[in-house]
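Residue strings, one per chain:
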Amino acid sequence: MTTRSNTATYHTFALFILILTITSTITLNQATYPANFTAGIRPLPLQSHNDFEREHPLFDALAVGCTAFAADLPSHDYYCQHTNCRRERPVYVGHSSHAISEVSTLQNLYLDPLLTVLEHANTNRAIDEPLKGVYDDEPMRSVILLLDFKDVPSREMWDVVLSAVRPLMEKGFLTFWSANDHDCDGSCEYDTHNTTTNNTTTTMPRNNGTTTFTSSLDSKTIRTNSPLTGSGTLHVRPLTLVGTGSTSFPFILHASPSTSHRYIFMDAPLLDLLPHNTLNKYDYDTSTTFSASVAFHHPLITLNNPLPPILGFLTNPQRTRIRTLIKAAEKRGLKSRFWGIKGLPVCRRRVWRVLVEEGVGLLVVDEIGAVAGGWRAWGWKWVW
């Protein structure tokens, strides 16, 4: 599918979502859904950067095959100034306070559209099939929403984010980790209520906020055994939430709905994974962490020689350092990310090529259309 046809598709879909949003009397079953709207779009390990600058942050990214998106969440002070710290209020999205409007919320821009897409993708799913994701051609592909906290989140703000993602959680669409002694399929004895989606019942504990799911809904399961969290299972679902920016690892570890279940994962400091790094305080693995990232022009990446990367070239020692970090992340089952690549477009493209050749987990780009459109022309190959 060409970029032009992709663009027409997401505009149609965005209009459909808008109609659903402003016409509360229309139910999902009554509305005319654009069937297979992502058919022919090849999902790529691209993270759309600076989403807030685009007219349709989510749909612009989906139309070209991005599998990761980032929502900038303002400081706790800004949040409380506009919401009185009330949990049920919207979560505002914006790179800075002047870029935020009443409609720029996590729910409007990302969560509600993703919920609608995923509900329709699973309308005709057989009861014993895994949940399907947003891409028709690769329905088992989980997409990633990075929550980029601009300040270390307070407990109040963390709780309001968990409240905002609860509809996706209750439908079973969120990737989660569970401790093995809590890894049940509805047989656990809790004070519960039941939520039914497409004839599949999900047991929701009332008091502790955790969710248990039958493993048949998973696209993939990964057993984990960590000295920090003990043994458990990572259940991969259509949407994976990752805290980045100023996200605090203790919050990831302890401030989920319960310590036995985790729905938001850490984006670890990639430099902490360097061998023999004595500054690393945490044992990052797939029970707590999804990815690891670093600013591309950090002195420990450029080795105090920033000019070659800006010109689109890397010295052998710089390339070796990048390779070492990517392999360190892979060893832990994590996706590597390098952000803040500088220089002219032609120079950035050379750096992207090096990152792709070295096997980077997610390529962070602003020019998503140019990168996705030129993927085949550049002859890039990716295995992930």
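Residues numbered from 1 in each chain as written. Predicted model: local features only at pLDDT ≥ 70, side-chain atom pairs only at ≥ 80, totals over all residues. Heavy atoms only, no water.

Brief notes about the packing of aromatic side chains
Next, step 1: One pass over the full model with this rule turns up 5 aromatic pairs.
Next, step 2: Centre to centre, the rings of Trp158 and Phe251 are 5.5 Å apart; their planes meet at 45 degrees, and the pair counts as tilted. A residue pair is termed long-range when its members are at least 10 positions apart, and Trp158 in helix H5 (residues 155-170) and Phe251 in helix H6 (residues 249-254) qualify at 93 residues. Of the two residues, Trp158 and Phe251, both sit in the buried class.
Next, step 3: Ring geometry for Phe249 and Tyr284: centres 5.1 Å apart, planes at 80 degrees, overall edge-to-face. Here Tyr284 lies in the loop between strand S11 (264-269) and strand S12 (289-295) and Phe249 lies in helix H6, a separation of 35 residues in the sequence.
Next, step 4: Residue Tyr284 is classed as buried on the basis of its relative accessible area, which comes to 3%. (Phe/Tyr/Trp six-rings, centres within 6.5 Å; stacked < 30°, edge-to-face > 60°. Helix = DSSP H or I, 4+ residues; strand = E, 2+ residues; numbered from the N terminus. Buried < 20%, exposed > 50% of the residue type's maximum accessible area, 1.4 Å probe, protein only.)

Considering a nonpolar patch on the surface
Next, step 1: A cluster of nonpolar side chains, contributed by Leu307, Ile310, Leu311 and Phe313, occupies part of the molecular surface with about 370 Å² of accessible area.
Next, step 2: For Leu307, a relative accessible area of 52% corresponds to the exposed category. (Patch = residues over 30% accessible without salt bridge, like charges linked within 9 Å, V, L, I, M, F, W, Y side chains within 5 Å. Areas by Shrake-Rupley, 256 points an atom, 1.4 Å probe, with all protein chains shown as cover. Salt bridge = Lys/Arg side-chain N within 4 Å of Asp/Glu carboxyl O.)

What about the nonpolar core?
Next, step 1: Leu73, Leu106, Leu145 and Phe338 are the most contacted members of the largest nonpolar core, which totals 80 residues.
Next, step 2: Apart from the residues within four sequence positions on either side, Leu145 is in contact with Phe69, Ala71, Leu106, Tyr110, Leu111, Leu239, Thr240, Leu241 and Val242.
Next, step 3: Within the second largest apolar cluster, 12 residues are counted, among which are Ala70, Leu146, Phe265 and Leu362. (Core = buried A, V, L, I, M, F, W, Y, C linked by side-chain atoms within 4.5 Å. Contact = heavy atoms within 4.5 Å.)

As for the packing of helix H4 (residues 106-121) against H5
Next, step 1: Between H4 and H5, the shortest axis-to-axis distance is 10 Å and the interhelical angle comes to 10 degrees. The pairing of H4 with H5 is recorded here as roughly parallel in orientation. Residues Gln107, Leu111, Leu115 and Leu118 of H4 form the contact with H5, whose participating residues are Ala164, Val165, Pro167 and Leu168. (Axes fitted to C-alpha atoms, helices over the stretch in contact; angles between N-to-C directions. Parallel < 35°, antiparallel > 145°, perpendicular 65-115°, else oblique.)

Quick word on the environment of Trp339
Next, step 1: Checked against the element boundaries, Trp339 lands in strand S13 (residues 335-339).
Next, step 2: Classification of Trp339 as partly exposed rests on a relative accessible area of 40%.
Next, step 3: Placed 44 residues apart in sequence, Trp339 and Ala295 show a C-alpha to C-alpha distance of 5.0 Å.
Next, step 4: When neighbours within four sequence positions are excluded, Trp339 is seen to be in contact with Ser293, Val294, Ala295, Phe296 and Val364.

Concerning the pairing of S13
Next, step 1: Summarising the sheet, S12 and S13 pair through 5 bridges and their orientation is parallel. The residue of S13 that forms the bridge with Ser293 is Arg337.
Next, step 2: Across 2 bridges, S13 lies against strand S14 (residues 362-365) in parallel orientation. In the sheet register, Arg337 faces S14, and the bridge partner there is Leu362.
Next, step 3: Between S13 and its parallel partner S14, the chain crosses via helix H10 (residues 345-358), and the hand of that crossover is right-handed. (Pairing = 2+ DSSP bridges. Right-handed = clockwise from strand over helix to strand, strands pointing away.)

Overview of the confidence of the model for the protein chain
Next, step 1: Taken residue by residue, the protein chain gives an average pLDDT of 76. The fraction at 70 or more is 68%.
Next, step 2: Below pLDDT 50 for its whole length, residues 17-33 participates in 20 contacts with residues either more than four positions away or in separate chains.
Next, step 3: Note that residues 183-214 has pLDDT below 50 and, in this model, 78 contacts with residues that lie over four places away or in other chains. (pLDDT = per-residue confidence, 0-100.)

A word on the pattern of salt bridges
Next, step 1: The final tally for this structure, using the stated rule, is 10 salt bridges.
Next, step 2: The residue Lys171 makes a salt bridge to Glu119 at a minimum N-O spacing of 3.7 Å. Linking Lys171 in the loop between H5 and strand S4 (176-179) with Glu119 in helix H4, this pair joins segments that are 52 residues apart in sequence.
Next, step 3: On the basis of relative accessible area, Glu119 is assigned to the buried category, the value being 17%.

Some words on the sheet that holds S4
Next, step 1: Read across the sheet, 4 strands follow the order S7-S8-S4-S10 without closing on themselves; strand pairing throughout is antiparallel. Both outer strands of the open sheet, strand S7 (220-226) and strand S10 (261-262), are each paired with one neighbouring strand and no more.
Next, step 2: Two elements, S4 and S10, share 2 bridges in a ladder whose sense is antiparallel. Among the inter-strand pairings, Trp177 is bridged to a residue of S10, identified as Arg262.

Things to note about H4
Next, step 1: When the terminal C-alpha atoms of H4 are compared, their 21 Å separation across 16 residues agrees well with the 22 Å that a helix rising 1.5 Å per residue should span.
Next, step 2: A bend of about 25 degrees at Asp112 is the largest found in H4, and the proline Pro113 appears one to four places after it.
Next, step 3: A large share of H4 lies buried, amounting to 12 of its 16 residues.
Next, step 4: Where H4 is concerned, the buried positions are Leu106, Gln107, Tyr110, Leu111, Pro113, Leu114, Leu115, Thr116, Val117, Leu118, Glu119 and His120. (Expected span 1.5 Å × (residues − 1). Bend = angle between axes of the 7 residues up to and from the residue.)

Some words on the sheet that holds S14
Next, step 1: Spatially, the 8 strands close up into a barrel ordered S1-S2-S3-S9-S11-S12-S13-S14, and their pairing is parallel. Each neighbouring strand pair of the sheet contributes to a mean axis angle of 30 degrees, computed without reference to strand direction.
Next, step 2: Pairing of strand S1 (residues 44-48) with strand S2 (residues 66-73) involves 3 bridges; the strand directions are parallel. In the sheet register, Leu44 faces S2, and the bridge partner there is Cys66.

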